[in-house]
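# Structural characterization, general
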Amino acid sequence: MTISYKWLCEYLPGGDSTVDPERLSRILTSVGLEVESMQAYEEIKGGLKGLVIGEVLSTEKHPNADKLTLTKVNTGGAEPLQIVCGAPNVAAGQKVVVAPVGATIYPVTGDPLTMKVAKIRSVESHGMICAEDEIGMGTSHAGIMVLPEDLKPGTPAADYFQPYTDIIYEIGLTPNRMDAMSHWGVARDVCAYLCHHDKKDIRPKLPSTNGFKADNQSLPVTVQVENATACPRYSGISLANVTIQESPKWLQQKLKAIGLRPINNIVDITNFIQHETGQPLHAFDADKIACKKVVVKNLPEGTPFITLDEKERKLSAEDLMICDEQEGMCIAGVFGGLHSGVTHDTRNIFLESACFDGITLRKTSFRHGLRTDAATRFEKGTDISNTVQVLKRAAMLIKEIAGGELASDIVDIYPAPKPKMEVAVKWHFIKKLSGKNYHPDAVKDILRSLGFEVAKEGIDELRVTVPYHKPDISLPADLVEEIVRIDGLDNIEIPDAITITPSVEDNYSTEVLREKTANYLAGQGFCEMMTNSITNAAYFTEEELAGMVKMTNSLSAELNILRNSLFETALEVVAHNLNHRNQSLRLFEFGKAYATSGPGKYTESEKLCVVITGNNSEDNWKQKAVAADFYTLKGTVEAVLTLLGIRPDSIEVQPVVKLDNHIVYKLNNQVIAGAGEVNKKLLTKFGIKQPVYFAGFNWAQLVQLAGEQTNKVTELPRYPSVQRDLALVVAKELAWEQVQQTVQKLKLNKLTNIQLFDIFESDKLGAGKKSMAVSFTFLDDEKTLTDKEIDGWMGRIMTALEKDVQAEIRK
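In this convention, every chain numbers its residues from 1, walking through the sequence in written order. The predicted origin of the model limits local features to residues at a pLDDT of at least 70 and limits the giving and counting of side-chain atom pairs to 80 or more, whereas totals for whole chains, interfaces and linings rest on all residues. Side-chain measures here rest on the full set of heavy atoms in the structure, leaving out hydrogens and waters.

## Regarding the sheet that holds strand E28 (residues 527-528)
Just so we agree on the cut-off: Note on pairing: DSSP must find at least two bridges between two strands before they are called paired. Helix and strand definitions follow DSSP, with helices as H or I runs of at least four residues and strands as E runs of at least two, each counted in order from the N terminus. Contacts were defined at the residue level, with two residues in contact if any of their heavy atoms lie within 4.5 Å. Only the stretch in contact is used when a helix axis is fitted, and all axes are lines through C-alpha atoms; the angle between N-to-C directions ranges over 0 to 180 degrees.
The seven strands lie next to each other as E28-E31-E32-E38-E37-E36-E35, forming an open sheet whose pairing is mixed. In this open sheet, the two edge strands, each paired with only one partner strand, are E28 and strand E35 (650-653). Pairing of strand E36 (residues 659-667) with strand E37 (residues 670-678), which is carried by seven bridges, proceeds in the antiparallel orientation. Within E37, the position partnered with Leu667 by the bridge is Gln670. Taken strand by strand, helix H15 (residues 567-579) contacts strand E31 (585-598), strand E32 (601-613), E36, E37 and strand E38 (692-698), and its axis lies near 145° from that of E31. Those strands touched by helix H18 (residues 699-708) are E31, E32, E36, E37 and E38, and its axis lies near 55° from that of E38.

Rendered as structure tokens:
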């Protein structure tokens, strides 16, 4: 929500003297309207600082250029300035805008430019005579700006043009705070805060509508509401003989300051009123309303309707429409129709102010992908009691700005007036929930300042009537929240002691293992990342999409499907960091992946991923940088499995499309983890130009397996281990895994470790051959091993290798 300081101050009794911008920022955050940003706004960038009004005293042709003119300009100084000007319309006697040396101009296009003494075709120029596009005041570059003759040279340009400046706040609203979606609503909270803290009777002010009266009945429009559930109240009024034109400067400035583009006076007024009061309005061209009758109803499923953006949309039978006797004119509360809106030729209008059901409008808004300001306000709720008052305010403003006359009485269809809700709260409950002992008078004053009415006051209870602009208030706790936030959320007292009841979880092993793994990875230099489980369907093939969960109402075109792994979102993080020159990354994430096997059949699974790219260590005085590789990743995967007490049965190569050199770890014939190098073609798709290594774990399965393991504590060996080395000449394509599996099949109980420590390739070994150097470690916990025993085991190992992998033992 965007709030203008100057605009807001118009509703405070003392204007901008009531509260300064810095204090206002603190007040807004204190009452629960968190200020996410506070920025100065300038209608003209730079605010024309340093620019002055000048008078052209004389002009003469530049000696070295046909299209340049030498001028003498009086800028109020002791001596006139010599300025070279390229504008064709410069002439003696003109009053102009001058940017002297040292001033900075901000063109409409291009970078800011600070004036310096410059030589132009060998002639010095001490500044610039400005065109409107050169100082951000327009788009014309046909010539310099020529100002009224009565201006005094040396007058600051900012004093003459008085560019609009403001302070703009971006407020983070929670979904329940529909009452603060307007300047008037925010002013009400500010006044309530000042009343309580400054002990002053401050009430927000809104322009009066006491003078409202229909001029005639020349343009009556009847209204019929067929769906009163979706439209509990509908109000409207006709205005005749209006003039569609540009809005006055003050109105354009207000809208521009909060980021809205002025369109014409009627549309601008509806936008102004919406941001002033929180009530969306819609203006129809009254001459295009067939039979001068408005019908609020639902149209049949599939009815075509062309909206204001010239797109034809197929309506749902659940979409509420504003129609005339013949066809739909507007998607109620969401978006106007192409053929019923206000145009430059409009002379008569019908102005709508209504209250629509938020759930109905939200569904329509998402169904058609139309997220408008009006729809956002209606879906959060609007003040049903305020439709007529806002309509009067808007009608009087239109009459003032666009002329014309009020050509009908207000039509107000409100078949079932909504009663005000009453909520009771115990005095001791206020103290219990807030932790503060409020005086009853302070509580009543706070609530009254927010629009509540005291219905009944007892010894131990207060009963209040809730205003219509507070539809979220229904419980005693809601009232306590209102009291606490106006007192100031930062004023909540901290007690000397806090009493809590610790929670006890039956199954806490999952979190323990997760924390244990995260701590290990963090200790190894990894950073935890958190990514969105909603990702972009463009990353996946048609075959992959078939088993993925698609979003019915996607947040955007780039976030339209639930991920089936952590792979793509991890690559997004890598690409983002590389683009910010973080070249060496070690990342991990615990997250969820989703899949579907048909309508209503969805699965959600816990995953863990590890990503490595860049260097293991950077350049230093002692050694050069060492790049991470596949084996860095493999070591990390195996370390995590060991940490969890899990020993895979096998490690197998399993080709996949997205990863090269992909291996999987299996236990009980189930894949528990996989690792590989990301395919280069895929890296290019993400804009990544360096190798990336990715590993994925089935975390839910690992947790289950870890729970089945029994951890044993053993004493250190009392007897020495024995290590024997063996050099094997094998086929070049032979994988180490085959050697490892061949030895493991022998089931030598005293063999505790097999380690590959060198690979050597040379033509001397023979074509297509390589040498593997392998270390074998033997240990007996109960005695010292003899050479005879070890020689026997080594013999069995050599025989198996010669037979199974055709290894040649090097002597």
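## Details of the packing of aromatic side chains
Condition: Working definition: rings of Phe, Tyr and Trp (its six-membered ring) pair if their centres are within 6.5 Å, and the pair is stacked with planes under 30 degrees apart, edge-to-face with planes over 60 apart, and tilted otherwise. Here the term buried applies to any residue with accessible area under 20% of the maximum for its type, exposed to any over 50%, and partly exposed to those in between, with areas from a 1.4 Å probe on protein chains only. Working rule: Lys NZ or Arg CZ, within 6 Å of ring centre, within 35 degrees of ring normal, means a charge sits over the ring.
If you walk through the whole model with that rule in mind, you get 12 aromatic pairs. Plain terms: the ring middles of Tyr160 and Phe161 are 4.8 Å apart, the flat faces sit at 70° to each other, and that makes the pair edge-to-face. Ring centres of Tyr539 and Phe686 lie 4.8 Å apart, and the angle between their planes is 35°; this geometry places the pair in the tilted category. Here the residue Tyr539 occupies a position in the loop between strand E29 (534-535) and helix H14 (542-545), and Phe686 occupies one in the loop between helix H17 (680-685) and E38, the gap between them amounting to 147 residues. Phe686 carries the same exposure label as Tyr539, and that label is buried. Over the ring of Tyr164 we find Lys6; its NZ or CZ atom is 4.9 Å from the centre of that ring.

## With respect to the side chain of His368
For His368, the location among the structural elements is in helix H7 (residues 358-368). Since its relative accessible area comes to 12%, His368 is described here as buried. Discounting chain neighbours no more than four positions away, the residues touching His368 are Arg313, Lys314, Leu315 and Asp319.

## Comments concerning the pairing of strand E14 (residues 233-240)
Taking burial as the measure, the eight residues of E14 include eight buried ones, the bulk of the element. Because side chains alternate across E14, one face comprises the buried residues Arg233, Ser235, Ile237 and Leu239, and the other comprises Tyr234, Gly236, Ser238 and Ala240, equally buried. In terms of strand pairing, E14 meets strand E22 (residues 349-355) through seven bridges, oriented antiparallel. For Gly236, the partnering residue across the bridge sits in E22 and is Glu352. Pairing analysis gives two bridges linking E14 to strand E23 (residues 405-406), with the strands arranged antiparallel. Residue pairing for E23: Leu239 is matched across the bridge by Leu406.

## What to know about the sheet that holds strand E1 (residues 2-4)
The sheet built from three strands is open, its strands ordered E1-E12-E2 with antiparallel pairing. In this open sheet, the two strands that pair with only one neighbour each are E1 and strand E2 (34-42). On average, adjacent strands in this sheet sit at an angle of 25° to one another, irrespective of strand direction. As defined by bridge partners, E2 adjoins strand E12 (residues 165-172) across eight bridges and the pair is classed as antiparallel. Bridge pairing links Glu34 to Gly172 in E12.

## Description of the environment of Arg188
Here Arg188 shows up in helix H4 (residues 183-198). Judged by relative accessible area, which is 9%, Arg188 ranks as buried. Spatially, the C-alpha atoms of Arg188 and Gln217 are 36 Å apart, while their sequence positions differ by 29 residues. In this structure, Arg188 is in contact with Asp179, Pro204, Ser449, Leu450 and His469, ignoring residues within four places of it in sequence.

## Some thoughts on empty space enclosed by the protein
Short version of the rule: Cavities and pockets were defined on a 1 Å grid built from protein atoms only: a cavity is a group of points that admits a 1.4 Å probe but offers it no way out, a pocket is an open group of points flanked by protein on both sides within 12 Å along at least five of seven lines, and a lining residue is one with an atom within 4 Å of any such point. Grid points are joined across faces, edges and corners, and a volume is the space filled by probe spheres set on the points. Nonpolar residues are Ala, Val, Leu, Ile, Met, Phe, Trp, Tyr, Cys and Pro. Charged residues are Asp, Glu, Lys and Arg, and all others, Gly as well, are polar.
All chains considered together, the criterion is met by two cavities of 30 Å³ or more. If you add up the space inside the largest cavity, you get close to 40 Å³. Every residue along the wall of the largest cavity is listed here: Lys45, Gly46, Leu48, Lys49, Leu51, Thr104, Ile105, Tyr106 and Ile135. Of the residues belonging to the lining of the largest cavity, the class tally is five nonpolar, two polar and two charged. The space that makes up the second largest cavity amounts to roughly 30 Å³. Lining the second largest cavity, in full, are Leu206, Thr277, Asn386, Gln389, Val390 and Arg393. The leading source of residues in the lining of the second largest cavity is helix H9 (residues 387-402), at three residues. Per-class residue counts for the lining of the second largest cavity are two nonpolar, three polar and one charged.

## Examining the layout of surface pockets
Taken as a whole, the largest pocket encloses approximately 1900 Å³ of empty space. Taken together, 39 residues form the lining of the largest pocket, with Lys634, Glu638, Ile651, Trp736 and Gln740 sitting closest to its centre. The set of elements that each furnish at least two residues to the lining of the largest pocket consists of helix H16 (630-643), E35, E36, helix H19 (736-744), strand E40 (751-760) and strand E41 (769-778). Ranked by the residues each element gives to the lining of the largest pocket, the list is headed by E40, at seven residues. Taken as a whole, the second largest pocket holds about 920 Å³ of empty space. Ser565, Phe567, Val656, Lys658 and Leu659 are the residues nearest the centre of the second largest pocket, which is lined by 34 residues in total. Mapped onto the lining of the second largest pocket, the elements with two or more residues apiece are H14, H15, E32, E36, E37, H17 and E38. Classifying every residue of the lining of the second largest pocket gives 18 nonpolar, nine polar and seven charged.

## Focus on the pattern of salt bridges
Put simply, the rule is: Salt bridges, as used here, are contacts in which a Lys or Arg side-chain nitrogen is within 4 Å of a carboxyl oxygen on Asp or Glu.
Counted by the stated rule, this structure contains 40 salt bridges. The salt bridge involving Arg367 is made with Asp319; its shortest N-O contact spans 2.4 Å. Separated by 48 residues along the polypeptide, Arg367 in helix H7 and Asp319 in the loop between strand E18 (312-314) and strand E19 (320-323) bring together distant segments of the chain. Two residues, Lys426 and Glu461, come together in a salt bridge whose shortest N-O distance is 3.5 Å. Within this pair, whereas Lys426 is found in strand E25 (residues 422-426), its partner Glu461 is found in strand E27 (residues 461-465), the two being separated by 35 residues in sequence. Classification of Lys426 as partly exposed rests on a relative accessible area of 33%. Using a relative accessible area of 24% as the deciding quantity, one classes Glu461 as partly exposed. Taken together, the shared-partner salt bridges connect Arg177, Asp179, Asp189, Lys470, Glu482 and Arg485 into one network.

## Considering the nonpolar core
This is how it is decided: To define a nonpolar core, start from buried Ala, Val, Leu, Ile, Met, Phe, Trp, Tyr and Cys residues and group those joined through side-chain atoms within 4.5 Å.
Counting 73 residues, the largest nonpolar core has Leu28, Tyr169, Leu239, Leu351 and Ile398 as the members making the most contacts within it. For Leu239, the contacting residues outside a window of four places in its chain are Leu219, Arg347, Asn348, Ile349, Leu351, Ala395, Ile398, Lys399, Glu405, Leu406 and Ala407. Formed by 32 residues, the second largest nonpolar core is a distinct cluster that contains Val221, Ala240, Val296 and Phe350.

## Things to note about a negative patch on the surface
Worth spelling out the cut-off: In this scheme, patches are assembled from residues that exceed 30% relative accessible area and form no salt bridge. Like charges are connected within 9 Å, while nonpolar side chains (Val, Leu, Ile, Met, Phe, Trp, Tyr) are connected within 5 Å. Methods summary: accessible areas were calculated by the Shrake-Rupley approach with a probe of 1.4 Å, and residue burial reflects only the protein chains presented. His is not counted, nor are the chain ends, whereas Lys and Arg count as positive and Asp and Glu as negative. Note that the charge is assigned to NZ on lysines, CZ on arginines, CG on aspartates and CD on glutamates.
A cluster of like negative charges, contributed by Glu505, Asp506, Glu511 and Glu515, occupies part of the molecular surface. Position of Glu511 among the secondary structure elements: in helix H13 (residues 509-523).

## Here's the deal with the packing of helix H5 (residues 249-257) against helix H6 (residues 265-277)
Selection rule: Between 65 and 115 degrees an angle is taken as roughly perpendicular, under 35 as roughly parallel, over 145 as roughly antiparallel, and anywhere else as oblique. Left-handed describes a crossing whose near helix is turned anticlockwise from the far helix by less than a right angle; the clockwise case is right-handed.
Two elements in contact, H5 and H6, have axes separated by 10 Å at closest approach and are oriented at 55°. When the interaxial angle is binned, H5 and H6 end up oblique. Judged by the twist between their axes, the crossing of H5 over H6 is left-handed. On H6, the residues touching Trp250, Leu251, Lys254 and Leu255 of H5 are Asp268, Ile269, Asn271 and Phe272. Classifying every residue of the contact of H5 with H6 gives five nonpolar, one polar and two charged.

## What about helix H2 (residues 21-30)?
Quick reminder of the rule: In protein, a polar contact means a hydrogen-donor-capable atom and an acceptor-capable atom, both N or O and within 3.5 Å, with residues adjacent in sequence counting only if both atoms are side-chain atoms; elsewhere, any N or O pair within 3.5 Å suffices.
Taken together, the buried positions of H2 are Leu24, Ser25, Ile27, Leu28 and Ser30. Against helix H1 (5-9), E2, E12, H4 and helix H12 (476-487) lie the buried residues of H2. Measuring from the side-chain oxygen of the N-cap residue of H2 to the backbone nitrogen of Glu22 gives 3.1 Å; that N-cap residue is Asp20. Immediately beyond the C-terminal end of H2, within one or two residues, lies Gly32, with a positive phi of roughly 95°.

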